[in-house]
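Tertiary structure, described
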Amino acid sequence: MHKIHTPIKIDGKMDEAVWQIAPVANHFFMVLPMDTSLAKVKTEVRMLYDNLKIYMLAICYNTTKSDMMVESLHRDFNFVKNDNFIFFLDPFDDQTNGFSFGANAAGAEWDGAMYEGGKVDLNWDNKWVSVVKNYDNYWVFEAAIPFKSIRYKNGIKEWGVNFSRNDLKTAEKSSWTPIPRQFPTAALAYTGTLVLDSAPPLYKKNISLIPYLLTNWQKDYTNNTNGSLNQRVGLDAKISVTPALNLDLTLHPDFSQVEVDQQVTNLSRFELFYPEKRQFFLENNDLFGDFGITNIQPFFSRRIGLDAPINAGVRLSGKLNKDWRIGAMDMETQQMTSSYLPNQNFSVLALQRRVFQRSSIGFIYVDKTALDYHPGKDSTKPIYSSFNRNLGLQYNLASPNNVWTGKMLLLKSFSPDISGKDWAQAANINYNSRKWNIIGAYEYVGKNYSAETGYVPRSNYIRFNPQIIRYFFPNGGPILSHGPQLNFSYYFNTQLQKTDYENTFLYLITFRNKFSVDFYAAHDYVQLLQPFDPTNTGKDSLITGSVHQWSTVGFDINSQPQQLFTYSCSFRYGGYYANGKHLAINSTIGYRFQPFVNINMNFSYNYLQLPTPWGNTPFYLVGPRIDLTFTKNFYFTTYVQYNNQLNNLNINSRLQWRYKPASDLFLVYTDNYFPAPFMVKNRELVLKFNYWWNL
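Residues numbered from 1 in each chain as written. Predicted model: local features only at pLDDT ≥ 70, side-chain atom pairs only at ≥ 80, totals over all residues. Heavy atoms only, no water.

Turning our eyes to something else, we now look at the pairing of strand S12 (residues 158–167). For S12, the buried fraction is high: 9 of the 10 residues fall into the buried class. As paired strands, strand S6 (residues 84–90) and S12 are joined by 7 bridges and run antiparallel to one another. Residue pairing in the sheet places phenylalanine 87 in a bridge with phenylalanine 163 of S12. The pairing of S12 with strand S14 (residues 192–195) spans 4 bridges and is classified as antiparallel. For tryptophan 159, the partnering residue across the bridge sits in S14 and is leucine 194. Across 4 bridges, the pairing between S12 and strand S13 (residues 172–175) is antiparallel. In the sheet register, aspartate 167 faces S13, and the bridge partner there is glutamate 172. Hairpin connection, S12 to S13: the antiparallel pair is bridged by 4 residues, and alanine 171 has positive phi, about 55°. (Buried < 20%, exposed > 50% of the residue type's maximum accessible area, 1.4 Å probe, protein only. Helix = DSSP H or I, 4+ residues; strand = E, 2+ residues; numbered from the N terminus. Pairing = 2+ DSSP bridges.)

Next comes the structure, spelled out in structure tokens:
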């Protein structure tokens, strides 16, 4: 990549002379539907840089004259439902962490932070600009990314890089470097090399201030309180300690503009998991949030600010040198007099040391402490834990070619007046080749293990979870691949007595046009370890020790993503607790008037047939969503969710105007009704303005 001395105007025209002398990356390889040939669609990429920015230009040729296929102009689009060009940067040259930028064929932008060698967190956001321009037989993506907006290893002139193209018209995904089809094009283990003429700049001052001003009106109709109008101000700051190490500060943060979670009908015995979407917690989030496995996480940032607003916080994260990464965070929440909740302090320290080429060893310490808390003898007041702490070690395995991955984890918790049986451990190994995906997993959580700032929905168990997937690839015909998937999940108590298991069989068929269908069968066995209401509605519970087992059959259908009308459907029918029956139908229907309107309807229906006292119980969850994208920087989203399990109808409407890169004006309206849809529970209107200011 050559260094230039005059800035480039980002307009999608490629009329600057410097673009003509820039090296060209072409001859892309096909990844999907098969990875055995060059790509059919042609793509050319050029990159340049100056003292301030990296410049990217991609020419994406079309093989047909049909219209582009995009979902909308909404930022951070769904990769598989859009014609798009995306590139991946590994500025640390460690094949593990990096950044991703791109756009779809209508100009909607995509940016994310990369972690674990190929995952992209699209909630990450930063300051950069791009333009997409469409021509008769090709479209051009041109972008400028400030060095201040990314983190990179100081002094190196070789970065990892790869370019990915998704063309729905031909159902082809391609990559500049050859990548086996079982891996995403984001896999940093398969990046090429980007050679810079000289090392990137070392900034003496790289500080961003992000103040916000918020006005909100809210009223609680349930308690018949008067509507209140409030104003708040707050500040976020980002300070680059080094090009690879960042300090985040926040004062009275507000997350009212964060998109609402998609609800689900919960018929399980355990808490559900929802991902973190708040910007402050996202940079280098893998150091904190990806310590552990799916159901054993010592730190889960959504616990912070869940019960009380955040006063302030500080967060240091990034690379110390080639081999060491650090994450340190400290936050304090407000005292809540209404619930007698004291001020709480949350502290986390995470260290990671690279070993071998792509593997690592990690350490974490998590501390939740109630400040100046002295619970009295009043039994009517809730009692809170004075502290909860966790120590953990983890080994992350990642082979050079990404075929072998895995984890080993050891955790210990510390809580008042508790000792013994307060350990958790887990291990898994994954072999992923073109035809086989074989996983072995083990978990143990002690009876007294506690992670109050984490996500551990179940304790006092041992679990074994082997999985086997096999793919077959016909030489021709409409079917691209097919094969069985077996999943065995066995739970035991700590005396190795079986408590429950779920064995599933699924046969997946994927067609060359990306339509897919699978057939499903499962057998469940449960011995309840505590009372459980099988409807989760507060009715009578099944007794501890009762045994329940049943079988289930079903199928799933997913339409071609390149169609304007898309749909998916999941059907399950079988037994349930107490010799009952369970019918479950989940579907999503979508239609787009591209690129300005995208309409989706999520529908979930569960019907339980149970003996007295539960009887026959239907559950509905209906969630229409409308995205209006007037431009790539101005859009309106309305999301309605009716959930009769919660007896609630929720309306959330959000208008967003990105008037400058990473600077926004939000207008958010929220309503909750119960009994739905007639009586208002609460209502809120928020106007929020923030500005990203680089010093």
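Its location among the elements puts aspartate 125 in the loop between strand S9 (119–121) and strand S10 (129–134). Here the side chain of aspartate 125 touches arginine 75 through a polar contact of 3.3 Å, side chain to side chain. One polar contact links aspartate 125 to arginine 658, side chain to side chain, over a distance of 2.7 Å. (Polar contact = N/O pair within 3.5 Å; in protein donor to acceptor, adjacent residues only side chain to side chain.)

Before going further, it helps to examine the packing of aromatic side chains. Counted under the stated rule, the structure contains 42 aromatic pairs. Measuring from ring centre to ring centre gives 5.3 Å for phenylalanine 99 and tryptophan 124, while their planes differ by 45°; the resulting arrangement is tilted. Of the two residues, phenylalanine 99 sits in strand S7 (residues 98–104) while tryptophan 124 sits in the loop between S9 and S10, which places them 25 residues apart along the sequence. Given a relative accessible area of 5%, phenylalanine 99 falls into the buried group. In this structure tryptophan 124 comes out as buried when scored by relative accessible area, which is 2%. With centroids separated by 5.5 Å and ring planes inclined at 55°, the aromatic side chains of tryptophan 657 and tyrosine 659 adopt a geometry described as tilted. The class for tryptophan 657 is partly exposed, based on a relative accessible area of 42%. Its relative accessible area of 23% is what places tyrosine 659 among the partly exposed residues. Following the ring pairs from residue to residue traces out a cluster consisting of Phe87, Phe99, Phe101, Trp124 and Trp128. Its end group placed over the ring of phenylalanine 472, arginine 470 keeps NZ or CZ at 4.3 Å from the ring centre. (Phe/Tyr/Trp six-rings, centres within 6.5 Å; stacked < 30°, edge-to-face > 60°. Lys NZ or Arg CZ within 6 Å of the ring centre and 35° of its normal.)

In terms of nonpolar packing, the biggest core is built from 40 residues, with Val45, Met47, Phe85, Phe87, Phe141, Trp159 and Phe163 touching the most fellow members. Mapped by element, the contributors of at least two residues to this core are strand S4 (43–49), strand S5 (53–61), S6, S7, strand S11 (138–146) and S12. Filtering out sequence-adjacent residues up to four positions away, tryptophan 159 remains in contact with Ile54, Leu89, Asp90, Pro91, Phe147, Ile150, Tyr152, Gly192, Thr193, Leu194, Leu196 and Pro200. Counting residues in each nonpolar core, the second largest holds 26 residues, with Ile364, Leu411, Val445 and Tyr449 among its members. (Core = buried A, V, L, I, M, F, W, Y, C linked by side-chain atoms within 4.5 Å. Contact = heavy atoms within 4.5 Å.)

Topologically, glutamate 283 is positioned in the loop between strand S17 (245–251) and helix H2 (286–289). Polar contacts involving the side chain of glutamate 283 include one to the side chain of arginine 151, which spans 2.8 Å. If we ignore the near neighbours within four places in the chain, the residues touching glutamate 283 are Trp124, Arg151, Lys238, Asn246, Asp248, Arg315 and Ser317.

Structurally, valine 348 is set in strand S20 (residues 344–355). The spatial distance from the C-alpha of valine 348 to the C-alpha of methionine 329 is 5.1 Å, given a sequence separation of 19 residues. The residues contacting valine 348, other than those within four sequence positions of it, are Phe288, Phe299, Gly327, Ala328, Met329, Ile364, Tyr365 and Val366.

Attention now goes to the confidence of the model for the protein. On average, the protein scores 92 in pLDDT, and the residues at 70 or more come to 99%. Looking across the protein, the model is least confident in H2, with a mean pLDDT of 89, and most confident in strand S27 (residues 467–470), with 98. (pLDDT = per-residue confidence, 0-100.)

It is worth spelling out the layout of surface pockets at this point. There is about 1300 Å³ of room inside the largest pocket. Forming the walls of the largest pocket are 35 residues, and the residues nearest its centre are Asp254, Phe255, Ser256, Arg278 and Gly305. Here the element with the most residues in the lining of the largest pocket is strand S39 (residues 680–690); it accounts for 4 residues. A breakdown of the residues in the lining of the largest pocket according to their chemical character gives 12 nonpolar, 12 polar and 11 charged. Of the residues that constitute the lining of the second largest pocket, the class distribution is 7 nonpolar, 6 polar and 4 charged. (1 Å grid on protein atoms, 1.4 Å probe; cavity = no way out; pocket = protein on both sides within 12 Å on 5 of 7 lines; lining within 4 Å. Points joined across faces, edges and corners; volume = space filled by probe spheres on them. Nonpolar A, V, L, I, M, F, W, Y, C, P; charged D, E, K, R; others polar.)

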